[in-house]
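Chain residues, written in single-letter form:
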Amino acid sequence: MNEKLRQTVAAITILGAIGVCFVLGQAMRGSVHSANASKRARLFANAGSSLADPERADFADANTDPSEIFDEAWERIQHDFVLDSMEAEYLTELMLARLIAGTRDSASRAYTAKQNRTRRAALLDCYDGIGANFALLHTKQGDVARPVLTIQSVVAGSPAASAGLKTGDRIREINGRWIIGTLEPDIARNVPNDDETGAAKPDEQSKFPKGVTLAAARDLLSMGKDKIYKLSVERTGEPAPLEIEVRTAQTQSPAASFQWQEEGIGLLTIRRFNLFTHDLVEKALTEHTSKLHGLIVDLRQCSGGVQSGTFYPEGNGVLALTHLLGKLTPGGTAAIWERHKRQREPLQIESKGKPNYSLAVLIDKGTANLAEVAASGLRDLGRAKLLGTPTFGDAILRHYTELKSGGALEIATAHLLTANGKPMDKGIAPDISVAPENALELAIKLLAKEFKERKSAE
Amino acid sequence: MKTLGLKTRYLLFPAICALCGASWLVGFASPDVLSSAHSQRKQYPVEDAALKSLPNAPDNAKRTIDPPADYRDAIRLLKAHHYTATLDPAQIRLLTYEAIRGMVASLDDPFSSFLDPDDWTQMQATTRGDFEGVGIILQSDNGRVRVAEVVETSPAEKAGVKSGDTIAKVNGQAVTGQSMNEIVRRIKGNPGTKVKVGIWRGATPLEFSLLRTNVVPPIVKYEIVDAQARIARIALTEFNERSIEQLFAAFDAVKKQGARAIIFDLRGNPGGLLDVSIDVASVFIRRDSRPEFQNAVVFVKEGSGDEAKRVLRSDYYRMDKMPLTVLVNGGSASAAEIVTAAIQDYGAGTIVGERTYGKGKVQTLFPLDDTSALRLTTGLYYSPKHTDINYRHDAAGRRIADTGGVLPDVAVTQPPNWGGWSDHKNDAQLQHGIELLQTKLNDADTAR
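Below is a summary of the structure that appears in this document. The structure displayed is predicted, hence computed values, not measured ones.

**Points about the sheet that holds strand β18 (residues 324-328) of chain B**
Residues and elements named next belong to chain B.
Line of reasoning, step 1. Strand order in the open sheet formed by 6 strands is β13-β14-β15-β18-β19-β24, and the pairing between neighbours is mixed. Only two strands of the sheet have a single partner each, and these edge strands are β13 (220-226) and β24 (410-411).
Line of reasoning, step 2. Pairing geometry for β18 and strand β19 (residues 350-353), over 4 bridges, is parallel. Opposite V326, over in β19, you have I351 as the bridge partner.

**Focus on the state of the cysteines**
Residues and elements named next belong to chain A.
Line of reasoning, step 1. A complete count under the given rule lists 0 disulfides over all chains for this structure.
Line of reasoning, step 2. The structure places no disulfide on C126, whose sulfur is separated from the nearest cysteine sulfur, that of C302, by 17 Å.
Line of reasoning, step 3. Given the relative accessible area of 14%, C126 is considered buried.
Line of reasoning, step 4. Residue classification places C302 among the buried residues on the basis of a relative accessible area of 0%.

**A closer look at unusual backbone geometry**
Line of reasoning, step 1. Phi at D226 of chain A is positive, roughly 60°, even though this residue is not glycine.
Line of reasoning, step 2. Inspection of the secondary structure puts D226 of chain A in the loop between α9 (214-222) and β9 (228-234).
Line of reasoning, step 3. Notably, N295 of chain B is not glycine yet its phi reads approximately 65°, a positive angle.
Line of reasoning, step 4. Within the element layout of this structure, N295 of chain B appears in the loop between α8 (274-284) and β16 (296-302).
Line of reasoning, step 5. By relative accessible area, which is 7% here, N295 of chain B ends up buried.

**Considerations on the pairing of strand β6 (residues 170-174) of chain A**
Residue and element names in this part refer to chain A.
Line of reasoning, step 1. Of the pairings in the sheet, the one linking strand β5 (residues 144-154) to β6 comprises 2 bridges and is antiparallel in character. In the strand pairing of β6, L149 is matched with I171.
Line of reasoning, step 2. Strand direction decides the pairing type here: β6 and β9, joined by 4 bridges, are antiparallel. Within β9, the residue paired with E173 across the bridge is S232.
Line of reasoning, step 3. Bridging between β6 and strand β7 (residues 177-180) involves 2 bridges; their strand directions are antiparallel. Its bridge partner being in β7, I174 is matched across the sheet by R177.
Line of reasoning, step 4. A loop of 2 residues connects β6 with β7, the two strands running antiparallel in sequence, and N175 in this loop sits at a positive phi of about 50°.

**A short note on the sheet that holds strand β22 (residues 432-433) of chain A**
All names here are of chain A.
Line of reasoning, step 1. Across the sheet, 6 strands lie side by side as β12-β13-β14-β18-β19-β22; this open sheet has mixed pairing. Taken across any chain shown, the strands that pair with only one partner, and hence form the sheet edges, are β12 (256-260) and β22.
Line of reasoning, step 2. In the sheet, β12 pairs with strand β13 (residues 265-270) via 5 bridges, with the strands oriented antiparallel. Counted as the bridge partner of A256 is I270 from β13.
Line of reasoning, step 3. Running at roughly 20° to β12, helix α10 (residues 275-288) makes contact with β12, β13 and β14 (294-298) of the sheet.

**Focus: the packing of helix α11 (residues 317-328) of chain A against helix α12 (residues 370-382) of chain A**
Residue and element names in this part refer to chain A.
Line of reasoning, step 1. For the pair α11 and α12, the least separation of the axes is 10 Å and the interaxial angle reads 20°. Regarding the angle of α11 to α12, the classification is roughly parallel. The hand of the α11/α12 crossing is right-handed. Side by side, α11 and α12 meet where G317, V318, L321, L324, L325 and L328 of the first sit next to L370, V373, A374, G377, L378 and G382 of the second.
Line of reasoning, step 2. Grouping the constituent residues of the contact of α11 with α12 by class yields 9 nonpolar, 3 polar and no charged.

Rules used throughout
Residues numbered from 1 in each chain as written. Chains lettered and ligands numbered in written order. Predicted model: local features only at pLDDT ≥ 70, side-chain atom pairs only at ≥ 80, totals over all residues. Heavy atoms only, no water. Pairing = 2+ DSSP bridges. Helix = DSSP H or I, 4+ residues; strand = E, 2+ residues; numbered from the N terminus. Disulfide = S-S within 2.5 Å. Buried < 20%, exposed > 50% of the residue type's maximum accessible area, 1.4 Å probe, protein only. Contact = heavy atoms within 4.5 Å. Axes fitted to C-alpha atoms, helices over the stretch in contact; angles between N-to-C directions. Parallel < 35°, antiparallel > 145°, perpendicular 65-115°, else oblique. Left-handed = near helix turned anticlockwise from the far one by under 90°. Nonpolar A, V, L, I, M, F, W, Y, C, P; charged D, E, K, R; others polar.

This is the structure:
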């Protein structure tokens, strides 16, 4: 049978059958079934005060505890839903995703168990996907600001690094599919597996024939390995979008490391604030302090870290940050957590031995989040010189917790302010502007010169 | 928690009209009472090798899927840590609704949904069979709002509003830039009051003063379509509480006019109440006419796995052994398919037209304690011959996609220029139905 004709006739019939329209309960909501379906509404619906159902008024109570409503709904789904499409894990994932999305806060996020495994590994030092940290920056498109998948920092030695992706790159297309700027959660049923292609799910294909949601794109690029993606990337200063091909792989990148540069000058590289960072800083500084004349703290492409509870102590970046600042400064207020306008908590640093050497800090556009607090704290309390370019401006402290289902919640818990109360969302400016790739060389020269001067003064 | 036992169970069939942005109808049908006992919470333990193998894996690598536990943790964590100070009870309730929507969305069933108190209130207004308004149905079309239909016998029809008119003004105020919902809100109002609606008909501006009233939509229409052969056509547009009385009245009327054969027109009928479909089937199928079916109209399989049989009612049969043709198309769904499939299985009539929509699912609406509601697919139905109306099955018993619906005995495609109810000339399906019945009547006459 001719399908088009069939549909046309059905449409005409439906229009002809007036009675149909009386039952179009939610007619105003439009149709997802058909792209060309028009919106319809009844004029005779909704009768003001006469709506209340007297029978229901007897038992309904608008103030019933929401958790009871939730339980009731869950019981119904478990016991009365007849189709075999209910999967408790997927149900939990989508439930959490929608709940968090309901806060309309793009800085908070729910992770599925699989996403959590990836995220948790990345919060330590093992990256899947292309090996980059992403940010959702809002860009004006027409008169609405839409979130855009943006590279915040690139992990050293990762596929993203070898493909030449850079901080600030805005990813617009993946495998020829445009990325839809929405914060709507999008979780693949049965959790993304090895045959994922980046293709939109069938029902999305009808809505967005060539699109893939932002959430799905982010999953593709941060999970899995051995997939090749062709990205279309906008980069400030480039006249046309760049076509970049990248293959996903696992990347190990130590959260922190210590190396000697010229005699007496140490380089402490921090890529992530977690307990590995804490341990390495502790070990390196205990071992080498007596021989150090100057210390360079490299925070370039350092994505910061999260706060986390006892459940997940090894991910706790705040602990590592406090420790670093205690080791390298005489102490004081390093920053302010602003939970909301009337509730500010100073990040108080207790000195664990004031160093007798000079400090330089390397920053770039990929220095983000807790790394920005570190840079600003080292300058304010430790009189460190900041070299490089302005930082990212990811000024939100996030709290990371795992849930019983194996998923996790990342909850935006405070805005980050400098010690004197300035918001960090515009980033931290360097004291000495220098291209990031030349910053190390310059810092070495600077510290060597300072050491010479100090020595001759003695 | 208030007891659930007080709640009425609402059975409904959504009106799924893919092509008209459609939705549903609810009725206050079955008086079934739900058990008030909440059964124990099921838990879903998951062994997770991958999680265990992680460095620094938590001790409880054996995770538990327990939605209420995760929901409570999430709310607690948001309250404790989220930087918005405004997580007040109202906000928590909205987040809870979002969480429930997430659960329902995971079911992958377009007919299940969560209705917050506003949705639910609005829906209740549509389930009563009569509505306050002026009797026009609007449609938004490229930024303009047009009249899609004018309800028969409504104030709008009496005043001369025509389908295709474009809304320009309401009470003298231009509607430029307003959404359809806003326009609807402005036109609606208390019965007895008046509203001035300005329209464009082509290039001509017109203004109507319309009385807002109670609009009672006719759901059964009938006419004699062949005066010589005395063939009557009866159309049912919805299965609601008024269906059966109007259907009986239609039978009385056409019999008075000497009808000898019936064309039952279910085209575009999106369904309605399950109980009413039993009533309607009983009008057309004689009890005990096929002993092997034991008077079954439909089997409904529920979430518990139980299967309930619904049987023909006594004293509803009105056909008096007249020949019957049923007209169906892709817009005939749900309850309309129950009736069609039953008539087909019993051989009580010839089905003419196109494959029906293919929705063999029953929804139940569960009011929740805080004036929100949950609509879930709670039943699957099968015809008397146990045909699955959702899908055909292959030899291995697997569903074949896009094969649902009742297949007509005689497939007739409608020409695209068909103009609706009164356009008999271009109504190929009706014409075919008439011819079939003429032949049957002639054969019967000859035999006699």
